[in-house]
Each structure stands twice: as structure tokens, then as C-alpha cells.
Amino acid sequence: KSQTIYNYFKQLFAQVTNPPIDPIREEIVTASVTFIGSEGNLTKPGPESCRMIKFESPLIPDSVIDQLSGFLPDGFDSTTIPILFRPDSEDSGGNDLKASLDSLFERADKAIEDGVNIIILSDRGLSPQEAAIPALLASSGLHHHLIRRGTRTKVSIALESGEPREVQHFALLLGYGVDLINPYLALQTVRHMVETGDLGE
């Protein structure tokens with residue numbers, strides 16, 4: 001059976017720290033606080049570099065995605081880019097996925113030129129005709145594309161996806177450039193399990 005991309009990443013070491021990690025005295029290192037917005041030139045930090053939106057965790061509920069998609073304070077602008085593609089497109093020559101990634105990169109470049117500093121990648125809207133680009137491929141591909149273009153610090157990447165559901169998935173997405181993750185299907189599953197009594201509140 002086909003595997004998710006996450007399954008091809010393995011941890012080949014024993015994770016031991018000596019002395020042990022101290023989340024109280026080393027809060028800056030171990031904190032899960034996330035900031036989104038434009039970082040600007042990292043070699044010349046200034047007051048404008050501090051104008052960012054703070055989140056206590058990179059994992060966010062549906063309501064936060066709705067807020068990011070709606071009205072934002074001055075200095076912040078967002079756009080949602082679908083990460084869907086038609087795998088049976090007749091004019092693609094079998095390169096549907098590559099063409100979709102190229103289109104994603106072009107749309108992101110155009111959005112940044114228009115002043116957008118929060119890009120939301122979304123796989124909502126799946127259908128029998130449209131499949132989702134694997135979330136890790138879409139987000140990491142965009143992350144490295146923007147690094148090559150020299151525009152990565154101008155924008156934050158948020159992911160709205162039903163794909164990630166395990167700690168390993170979240171760790172890989174964050175490690176490969178995603179700033180915020182809305183695992184909407186995992187959250188909906190937990191809510192359903194609570195409602196049916198399969199999981200305590």
C-alpha cells in the first residue's frame with residue numbers, strides 16, 4: 001500500500017540530554033510560542049521586526065484560521081492558496097503534481113508582491129476530481145522556493161490540512177517551514193469521539 005511521506009522519515013538516535021532539559025530555566029529554548037508576520041531583514045533588526053502576531057502553540061483550531069482569513073490589523077494581510085490538483089488532467093502529460101507545485105509557487109510569489117505576509121495552504125475541498133498535494137511536500141517545497149527567491153522572511157506559512165494527525169507529522173511540518181498548523185480532521189475526530197463517549201472530556 002502507498003505510504004504517507006511522513007513514514008519515510010525515521011529517528012535513528014536515542015534522544016537523551018545531559019543535563020536533562022529544564023523547561024522552567026530554559027523556557028526560551030523549549031517554549032512552543034510561535035510568531036507570524038514579516039520578520040524583515042534578520043541582519044538589520046528594528047522595531048518593525050517586532051510587529052508580529054503571537055501564538056502560544058503552533059497548533060491552532062479552526063476559529064483561528066477563520067480569523068487569519070478575515071479582518072487583520074494593519075500591517076498584516078493573508079491569502080489562502082488551495083493545495084489541490086487534478087491527477088488526471090489531460091494536458092499535463094503526467095506531470096500533474098509538478099505542475100501544481102509550480103502553480104502554487106507562482107501564486108505565492110504574486111501574493112508576496114501584493115503585500116501578503118501570511119500564506120494559508122489549505123486542502124479543504126477534496127473531491128473525487130481533486131486530490132491534495134501531500135501537505136509536507138507542498139509546505140516544504142514552498143519554504144525552500146521562497147528561500148531561493150530571498151523572500152522567506154517576508155511571509156509566514158500556515159497549513160490547514162486534514163492530513164497531519166501524529167506528533168511526528170507535526171514535528172516534520174514545523175521542521176520543514178510551517179509556522180502554524182490547523183489539523184482540522186484530527187480536531188474534528190477528537191470532538192466526535194467526545195460526543196459519542198469514546199473519549200472523556
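Cut-offs used in this document
Residues numbered from 1 in each chain as written. Predicted model: local features only at pLDDT ≥ 70, side-chain atom pairs only at ≥ 80, totals over all residues. Heavy atoms only, no water. Pairing = 2+ DSSP bridges. Helix = DSSP H or I, 4+ residues; strand = E, 2+ residues; numbered from the N terminus. Axes fitted to C-alpha atoms, helices over the stretch in contact; angles between N-to-C directions. Core = buried A, V, L, I, M, F, W, Y, C linked by side-chain atoms within 4.5 Å. Buried < 20%, exposed > 50% of the residue type's maximum accessible area, 1.4 Å probe, protein only. Contact = heavy atoms within 4.5 Å. Parallel < 35°, antiparallel > 145°, perpendicular 65-115°, else oblique. Left-handed = near helix turned anticlockwise from the far one by under 90°.

### Section: the sheet that holds strand 5 (residues 118-122)
Okay, so step 1: If you trace the four strands from one edge of the open sheet to the other, you get 3-5-7-8, paired in parallel fashion. Of all strands in the sheet, those bounded by a partner on one side alone are strand 3 (78-82) and strand 8 (180-182). Going across the sheet, the axis of each strand differs from the next one's by a mean of 20°, ignoring polarity.
Okay, so step 2: As paired elements, strand 3 and strand 5 share five bridges and run parallel to each other. Each residue of the ladder has a partner; that of T79, found in strand 5, is I119.

### Points about the nonpolar core
Okay, so step 1: I83, L104, I119, L121, L142, L159 and L173 are the most contacted members of the largest nonpolar core, which has 27 residues in total.
Okay, so step 2: Of all the secondary-structure elements, those providing two or more residues to this core are helix 3 (96-113), strand 5, helix 4 (135-149), strand 7 (156-160) and helix 5 (167-175).
Okay, so step 3: Take this core: its biggest share by element is six residues, from helix 3.
Okay, so step 4: Sequence-distant contacts of L142, that is, excluding residues within four places in its chain, are made with F105, A108, I119, L121 and I157.
Okay, so step 5: In terms of nonpolar packing, the next biggest core, distinct from the first, is built from 13 residues, I65, L68, L72 and F76 among them.

### What to know about the packing of helix 3 against helix 4
Okay, so step 1: Put simply, helix 3 and helix 4 touch, their axes get as near as 10 Å, and they point 50° apart. Considering their axes alone, helix 3 and helix 4 lie oblique with respect to each other. Read as a crossing pair, helix 3 and helix 4 show a hand that is right-handed. Along its contact with helix 3, which presents L97, L101, L104, F105, A108, D109, I112 and E113, the element helix 4 presents L137, A138, G141, L142, H145, L146 and R149.

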